[in-house]
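# Structural description and commentary
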Amino acid sequence: MRGSKPWNRGFSRSGGGSSQCEEPAEASSPDKVVHRSHIINTDVTTLEQQLNSFDFAARMNALAELVALVNRGEMACEPERDVVNMHCHTFFSFNAYGYSPAALAWLAKARGFRAVGIVDFDVLDAVDEFLQACDLAGVRGSAGIETRVFLPEFATREINSPGEPGIYYHMGIGFTTTDLTGFAHPVRSSLAAMRDRADRRNREMLARLNAHLDPVTVDYERDVLPLTPAGNATERHMLRAIIRDLAPPAPLPSQGRGEASARLPSQGRGEASARLPSQGRGEASARLPSQGRGEASAPLPSQGRGEA
């Protein structure tokens, strides 16, 4: 686990229990407080959006600017507290909010997490960026990997994947680099095989889905892969592409407010309310299957409660 510097010491949390980074309370007049807070909040929102760009340089530049705002005393983050989240997926496998490794490091910094960890499915693509971002933000971070394996000895027993006998979620932790050049050949070949196997499984699954949903069809190259920064798609990306393809068109200009807007049967007032199989009755219906109980599901600090 990477060490950290006490970046957030000396900053007070203004606004009572607010969960977002804000301008420190001291200011010369109420007018300046309103004006300056508006400017800073606008800048922070823009920078946080850039954290999830598919461009690595844009992400790291945005993080550096956010950290600089904190270091200059122009905004404050929540004090460090006894909260950790060591099971976060980045957008290199799937994150329902589209969070990059840099965005997760910033989220931990802004919310005062004592530590944060990533465990992407089947790839180590996020490791270098995440650990670099943690060092820059001054948060403790660890990097791992997660995959699914089949254990024939337990083919009739549920292990840790409900409803899937024999399936086991297997974890690796403590990785320090994305570059596998110095690793033994079996390690490199195993990770390459995991990526290839996932790609093959996705394509076969999508072919069956297209046949079932015909005439709705999704093209893997055109519709799914562009949703990923490095081509490591998951079934969640395919689901997102299908939902997007099924989304009703915008109402025509001639439609008044009282006219039907071609709403799909499963849709409520603007939300896709069809419950996915993995969701329990008490879960939020907007949660995608990739989100486990331990994942970072909170919006970035500048986002309102209704934003994704």
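In this numbering scheme, every chain counts its residues from 1 along its sequence in written order. Local features are withheld for residues below a pLDDT of 70 in this predicted model, meaning they are given only at 70 or higher, and side-chain atom pairs are given and counted only at 80 or more; totals for whole chains, interfaces and linings count all residues. With hydrogens and water stripped out, all remaining heavy atoms of the structure feed into the side-chain values.

Okay, the side chain of Arg59 next. Relative to the assigned elements, Arg59 resides in helix α2 (residues 56–71). Each residue's exposure class comes from its accessible area (1.4 Å probe, protein chains only) as a fraction of the maximum for that residue type: buried when under 20%, exposed when over 50%, partly exposed otherwise. Taking the relative accessible area as the measure of exposure, Arg59 reaches 3% and is therefore buried. In this analysis, two residues are considered to be in contact whenever any of their non-hydrogen atoms come within 4.5 Å of each other. Each residue touching Arg59, except ones within four places of it in the same chain, is listed here: Gln50, Leu51, Ser53, Phe54, Phe91, Phe92, Ser100, Ala102 and Glu129. Runs of H or I in DSSP of at least four residues are treated as helices and runs of E of at least two as strands, each being numbered from the N terminus.

Another point: the pattern of salt bridges. When a carboxyl oxygen of Asp or Glu is within 4 Å of a side-chain nitrogen of Lys or Arg, the pair counts as a salt bridge. Inspection of the entire model under this criterion finds twelve salt bridges. The partner of Arg59 in a salt bridge is Glu129, with the nearest N and O atoms 2.5 Å apart. Placement of the pair is Arg59 in helix α2 and Glu129 in helix α4 (residues 127–137), with a sequence separation of 70 residues. Taken as a pair, Arg59 and Glu129 share a single burial class, namely buried. Among the salt bridges present, the one from Asp199 reaches Arg203, with a minimum N-O distance of 2.9 Å. In this pair, Asp199 and Arg203 are both assigned in helix α5 (residues 185–213), four residues apart and thus about one turn of the helix distant. One salt-bridge network, in which partners are shared between bridges, spans Glu80, Asp82, Arg114 and Arg140.

What follows concerns unusual backbone geometry. For residues that are not glycine, phi is negative in most cases, and the peptide bond is trans in most cases. Across the junction of Asp214 and Pro215, the peptide omega takes the value 20 degrees, indicating a cis bond. Relative to the helices and strands, Pro215 is located in the loop between α5 and α6 (220–224).

As a further point, take the packing of aromatic side chains. Planes of paired rings set the category: under 30 degrees apart is stacked, over 60 is edge-to-face and the rest tilted, where pairs are Phe, Tyr or Trp rings (Trp by its six-membered ring) whose centres lie within 6.5 Å. Under the criterion given, the structure shown has four aromatic pairs. With centroids separated by 5.4 Å and ring planes inclined at 85 degrees, the aromatic side chains of Phe54 and Phe91 adopt a geometry described as edge-to-face. One end of the pair, Phe54, is in the loop between α1 (30–50) and α2; the other, Phe91, is in the loop between β1 (84–88) and α3 (101–111), and 37 residues separate them in sequence. Judged by its relative accessible area of 42%, Phe54 is partly exposed. Geometrically, the ring pair formed by Phe91 and Phe92 is edge-to-face, given 5.2 Å between the ring centres and 80 degrees between the ring planes. Like Phe92, Phe91 is buried. Members of the aromatic cluster, joined through ring pairs, are Phe54, Phe91 and Phe92.

Turning our eyes to something else, we now look at the sheet that holds strand β4 (residues 167–173). Two strands are said to pair when DSSP picks up at least two bridges between them. Ordered in space as β1-β2-β3-β4, the four strands form an open sheet in which the pairing is mixed. With partners counted over all chains shown, the strands left at the sheet margins are β1 and β4, one partner each. The sheet shows a mean angle of 20 degrees between the axes of neighbouring strands, taken without regard to direction. Bridging between strand β2 (residues 115–121) and strand β3 (residues 140–150) involves seven bridges; their strand directions are parallel. Paired with Val119 across the two strands is Gly144, which belongs to β3. To get an axis, fit a line to the C-alpha atoms, keeping to the stretch in contact for a helix; angles then go from 0 to 180 degrees between the N-to-C directions.

With that settled, the discussion passes to the packing of α5 against helix α7 (residues 235–246). Closest axis-to-axis distance for the α5/α7 pair is 10 Å, and the angle between their directions is 30 degrees. Comparing their axes, α7 and α5 come out roughly parallel. Between α5 and α7 the crossing geometry is right-handed. Residues Asn202, Met205, Leu206, Leu209 and Leu213 of α5 form the contact with α7, whose participating residues are Glu235, Met238 and Ile242. The residue inventory of the contact of α5 with α7, partitioned by class, reads six nonpolar, one polar and one charged. Here the angle decides the label: under 35 degrees means roughly parallel, over 145 means roughly antiparallel, 65 to 115 means roughly perpendicular, and every other value means oblique. Throughout, a crossing is termed right-handed when the near helix is turned clockwise from the far one, and left-handed when it is turned anticlockwise from it by less than a right angle. Amino acids outside the nonpolar list (Ala, Val, Leu, Ile, Met, Phe, Trp, Tyr, Cys, Pro) and the charged list (Asp, Glu, Lys, Arg) are all regarded as polar, and Gly is one of them.

The predicted coordinates ought not to be read in detail in places where the model reports low pLDDT. A residue's pLDDT is the predictor's confidence in that residue, given on a scale from 0 to 100. Here the protein averages 77 in pLDDT, and 68% of its residues register 70 or above. Mean pLDDT values for the elements of the protein range from 67 in α1 up to 98 in α4. Segment residues 4–20 is flagged for pLDDT under 50; beyond a separation of four residues in sequence, or across chains, it makes 37 contacts in the model. Across residues 303–308 the pLDDT falls below 50, and counting only partners more than four positions away or on other chains, this stretch makes seven contacts in the model.

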